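Coordinate analysis (summary)
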Amino acid sequence: MSEPSWTVVVPVKRLDVAKSRLRGALPGVPHESLALALALDTVRAVLACDAVAALLVVTDDPRVAPAVRSAGARVLPDVPDAGLNAALRHGAETAGGPVAGLTADLPALLPADLGAALRAAAGTPGVRHFVADAPGDGTVLLAAPAGVPLDPRFGAGSAAAHAASGALPLAGGWPTLRRDVDTPADLAEAARLGLGPHTAALAAPRCPAAAPG
């Protein structure tokens, strides 16, 4: 097994504005608590991945920063304060070596799926790669080898935007990596895959099938 080499950058919005389409998805659960749980389960999986050498979380949220720092992540203030792509560029500029940008809404993520994707991305030197989300039009992971700018294009239609910018799609299955959570239906699908402990603790009392993965 090769030594871990990737630095993963995960931007997390302020919780009061994050994941707006999920608001009310779990009755009785404060929206900010659900958004935080999604991020913490993503962070937990990244830190357990054997291909990852370091995790940088870019955030200005006063709840997110101490929580991810105590989990083992390094926290960078969101100095640009100009959205997801600016936060990813800021984190990537701080990292050395190969760097990957990852969304913070992957509560079912398994370290093995992330590791397999990162190893696949390392197979073509000098080229950026991306992993599309489950529907196929968004992006969950963008990876750049050492010396190549990350150049993120996250947002609506990001899979096509990344492909147009020269990044190559990765075709592996990796269902827990591709299952980002934007809507209540996405959360239900993530629960079928197996939620991480932070999200499961909130969802299980309302959905018994939402056991930790």
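Note that the structure is a prediction, hence the values are computed from the model and not measured. (Residues numbered from 1 in each chain as written. Predicted model: local features only at pLDDT ≥ 70, side-chain atom pairs only at ≥ 80, totals over all residues. Heavy atoms only, no water.)

**Some details on empty space enclosed by the protein**
Put simply, the rule reads: Only protein atoms enter the 1 Å grid used here. Points where a 1.4 Å probe fits but cannot escape make up a cavity, open sets with protein on both sides within 12 Å along at least five of seven lines make up a pocket, and a residue lines them when an atom lies within 4 Å of a point. Grid points are joined across faces, edges and corners, and a volume is the space filled by probe spheres set on the points. Under the grouping applied here, Gly and all other residues not named as nonpolar or charged are polar, the nonpolar ones being Ala, Val, Leu, Ile, Met, Phe, Trp, Tyr, Cys and Pro and the charged ones Asp, Glu, Lys and Arg.
Applying the stated criterion to the full structure yields one cavity of 30 Å³ or more. Here the largest cavity defines a volume of roughly 30 Å³. Considering the residues around the largest cavity, the lining is formed by Leu 22, Gly 24, Ala 25, Leu 26, Val 29, Pro 30, His 31 and Leu 34. Here the residues of the lining of the largest cavity sort into six nonpolar, two polar and no charged.

**Let's talk about the UniProt feature "binding site: phosphoenolpyruvate" (unreviewed entry) in the chain**
Rules: UniProt positions are given in the numbering used here, feature names are shortened, and annotations may be inferred rather than shown by experiment. Labels follow the DSSP assignment, with helices taken as runs of H or I lasting at least four residues and strands as runs of E lasting at least two, numbered in each case from the N terminus. Residue burial is assigned from relative accessible area. The probe radius is 1.4 Å, only protein chains are included, and a residue is buried under 20% of its type maximum, exposed over 50%, and partly exposed in between. Residues are treated as being in contact if the distance between any of their heavy atoms lies within 4.5 Å.
Listed under "binding site: phosphoenolpyruvate" (unreviewed entry) in the UniProt record, and renumbered for this structure, are Thr 139, Gly 155 and Ser 158. For this annotated set, covering 20 residues, all C-alpha atoms fall within 8.2 Å of each other, a compact arrangement in space. Lining the largest pocket, out of the annotated residues just given, are Thr 139, Gly 155 and Ser 158. Within the secondary structure, Thr 139 sits in strand S6 (residues 139-144). Given the relative accessible area of 5%, Thr 139 is considered buried. Among residues more than four places away in sequence, those in contact with Thr 139 are Thr 103, Phe 130, Val 131, Ala 132, Asp 133, Phe 154, Ser 158, Ala 159 and His 162. Take Gly 155: it is sitting in the loop between S6 and helix H5 (158-164).

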